[in-house]
Amino acid sequence: MLVSNNSYVAPKFFILNGIPGLERVHVWISLPLCIMYTISLLGNLGLVYLIHQEESLHHPVYFFLAMLSVIDLFTCTTTLPSALCIFWFNLKDINFNAYLVQMFFVHGFTDVEFRVLMLMALDHYVAICYPSRYATILTNPIITKAGLATFLRGVLLIIPFLFLVKHLPFCQRNIISHTYCGHMSVVKLSCASIKINVIYGLTVALLIGVFDICCISVSYTMFLQAVVSLSPADAWQEDFSTCTVRKSAPIITYVPAFFTFFTLHFGVHTIPPSLHLIVANLYLLLLPPTLNPIVYEIKIKQIRDSVIKLFQGEKDPSIQDK
């Protein structure tokens, strides 16, 4: 790797080492991952299809939910195949440029997901607090612009990571104890100062995490205040139940995400590396993509009714023939 005059070339490939210490049970670890991935595919594809087919679901909140499902599908599909190649076939090598591409998608989709969760919280607030103006505030052009802005924010914030990593010297270190391509995982291998990478990573985390969480918290707080003061008891209970369901998605996403982020950046040595890697895999690859469609399809009445209507509609012709 060393060329001359303290100049270095980038490694041709990295080795993703899976979960060190648990190599003997890699195959067993892969089984629940496959089951969850299958559930994620069926749940999210079914949800997107349902929202597309049912006109009663052609409203902003369900469009945002469809965006969330598409993002979840892309996130787990981008990362899970490489993890399974490690667990099943011991294929650990990944080209340097391929590593950067997967890293871009991993962090980019994560950012976009956080932003969509914030948009869903704001949508819920507008729907409850300004019902008469809801249709004029959240029009299709506004939704389109919000979706485009969400995507562009993710791209613009994550692209600098690629350049920062591309210009780091790695000397002869290219073994990464992980199953997917993350920014801090590769940065820690560098034999130069990584202060800029750490500072930029923390800045992006504050912009993505803290700002979005504050917006979500404020919107739900104002929503609850409005519900308590304006709604009768039965409506209050229904709205509160819906609010609880919608808050579950940010909790599912943010809590393990911040756990992974802080253990990577600040090196919490009391946490076993294997536990950190398992949590990182679950939060990024499968927990949100698997649980989000289940929670929404079971708990939100409009979606549940649409699912029942869809299956009943398939049975109606045979019933009429009789």
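Residues numbered from 1 in each chain as written. Predicted model: local features only at pLDDT ≥ 70, side-chain atom pairs only at ≥ 80, totals over all residues. Heavy atoms only, no water.

Draft legend 1. Up close: the pairing of strand β3 (residues 13–16). On β3, burial follows the alternation: Phe14 and Leu16 on one face are buried, whereas Phe13 and Ile15 on the facing-out side are not. In this sheet, strand β4 (residues 93–95) lies alongside β3 in antiparallel orientation, the contact comprising three bridges. Considered in β4, the bridge of Phe14 is made with Ile94. Across two bridges, the pairing between β3 and strand β5 (residues 175–176) is parallel. Residue pairing in the sheet places Ile15 in a bridge with Ile175 of β5. (Buried < 20%, exposed > 50% of the residue type's maximum accessible area, 1.4 Å probe, protein only. Helix = DSSP H or I, 4+ residues; strand = E, 2+ residues; numbered from the N terminus. Pairing = 2+ DSSP bridges.)

Draft legend 2. Examining the confidence of the model for the protein more closely. Taken residue by residue, the protein gives an average pLDDT of 79. The fraction at 70 or more is 77%. When the elements of the protein are averaged for pLDDT, strand β1 (residues 2–4) gives the smallest value, 43, and β4 the largest, 92. Contacts for the low-pLDDT stretch residues 315–322, under 50 throughout, to residues beyond four places or in other chains number zero contacts. (pLDDT = per-residue confidence, 0-100. Contact = heavy atoms within 4.5 Å.)

Draft legend 3. View of the pattern of salt bridges. The final tally for this structure, using the stated rule, is two salt bridges. A salt bridge links Glu54 to Lys309; the shortest N-O distance between them is 3.6 Å. Of the two residues, Glu54 is situated in the loop between α1 (26–53) and α2 (60–89) and Lys309 in helix α10 (residues 301–321); the sequence distance between them amounts to 255 residues. Arg153 is paired through a salt bridge with Asp111; the nearest N and O atoms lie 2.9 Å apart. Taken as a pair, Arg153 in helix α5 (residues 140–166) and Asp111 in helix α3 (residues 96–129) lie far apart in primary sequence, 42 residues in all. (Salt bridge = Lys/Arg side-chain N within 4 Å of Asp/Glu carboxyl O.)

Draft legend 4. Quick peek at the state of the cysteines. Evaluation of the coordinates by the stated rule reveals one disulfide. Each sulfur in the disulfide pair Cys171 and Cys191 lies 1.9 Å from the other. Looking along the S-S bond of the Cys171-Cys191 disulfide, the torsion reads about 85°, which is the right-handed sense. With Cys171 in the loop between α5 and β5 and Cys191 in the loop between α6 (183–187) and α7 (195–230), the pair connects residues that are 20 residues apart, well separated along the chain. The class of Cys191 is partly exposed, set by a relative accessible area of 36%. (Disulfide = S-S within 2.5 Å.)

Draft legend 5. The UniProt feature "transmembrane region" (unreviewed entry) in the protein, seen in detail. The UniProt record annotates "transmembrane region" (unreviewed entry) at residues 27–50, 62–89, 142–165, 198–228, 248–268 and 275–296. Segment residues 27–50 splits into 100% helix and 0% strand. End C-alpha atoms: 34 Å apart. End C-alpha to end C-alpha, residues 62–89 measures 40 Å, and it is 100% helix and 0% strand. (UniProt positions renumbered as here; feature names shortened; annotations may be inferred.)

Draft legend 6. Fine view of the packing of α3 against α5. Two numbers describe how α3 lies on α5: the axes approach to 8 Å, and their chain directions differ by 145°. α5 is crossed by α3, and the crossing has right-handed handedness. Along the lines of polarity and charge, the residues of the contact of α3 with α5 split into 16 nonpolar, five polar and four charged. (Axes fitted to C-alpha atoms, helices over the stretch in contact; angles between N-to-C directions. Left-handed = near helix turned anticlockwise from the far one by under 90°. Nonpolar A, V, L, I, M, F, W, Y, C, P; charged D, E, K, R; others polar.)

Draft legend 7. Inspection of the sheet that holds β4 at higher detail. The three strands lie next to each other as β4-β3-β5, forming an open sheet whose pairing is mixed. Edge positions in the open sheet fall to β4 and β5, since each of these has one partner strand only. Packing of α3 onto the sheet brings it into contact with β3, β4 and β5, and relative to β4 it is tilted by some 85°.

Draft legend 8. Local environment of the packing of aromatic side chains. Enumeration according to the criterion identifies nine aromatic pairs in this entry. For the ring pair Phe14 and Phe96, a centre distance of 5.5 Å and an interplane angle of 45° mean the geometry is tilted. Here Phe14, found in strand β3, pairs with Phe96, found in helix α3; they are 82 residues apart in sequence, far enough to count as distant. With relative accessibility at 0%, the residue Phe14 sits in the buried group. Accessibility expressed as a relative area gives 4% for Phe96, which makes it buried. Each ring, one from Phe74 and one from Phe109, has its centre 5.6 Å from the other, and the planes form 20°; the classification is stacked. One end of the pair, Phe74, is in helix α2; the other, Phe109, is in helix α3, and 35 residues separate them in sequence. Phe74 sits in the partly exposed class, given a relative accessible area of 46%. Residue Phe109 is classed as buried on the basis of its relative accessible area, which comes to 16%. (Phe/Tyr/Trp six-rings, centres within 6.5 Å; stacked < 30°, edge-to-face > 60°.)

Draft legend 9. Local environment of the nonpolar core. Judged by nonpolar contacts, the single largest core of 35 residues is most densely connected at Phe14, Tyr99, Met103, Val165, Phe170 and Val186. What Tyr99 contacts, discounting residues up to four positions off in sequence, is Phe14, Leu16, Ile94, Ile176, Cys181, Gly182, Ser185 and Val186. Within the second largest apolar cluster, 25 residues are counted, among which are Phe64, Leu65, Val116 and Ile216. (Core = buried A, V, L, I, M, F, W, Y, C linked by side-chain atoms within 4.5 Å.)

Draft legend 10. Highlighting the side chain of Ser306. Relative to the helices and strands, Ser306 resides in helix α10. A relative accessible area of 4% means that Ser306 is categorised as buried. Among the polar contacts made by the side chain of Ser306, one reaches the main-chain carbonyl oxygen of Gln302 at a distance of 2.9 Å. With near-sequence residues (within four places) excluded, Ser306 lies in contact with Leu50, Glu54, Ser56 and Leu57. (Polar contact = N/O pair within 3.5 Å; in protein donor to acceptor, adjacent residues only side chain to side chain.)

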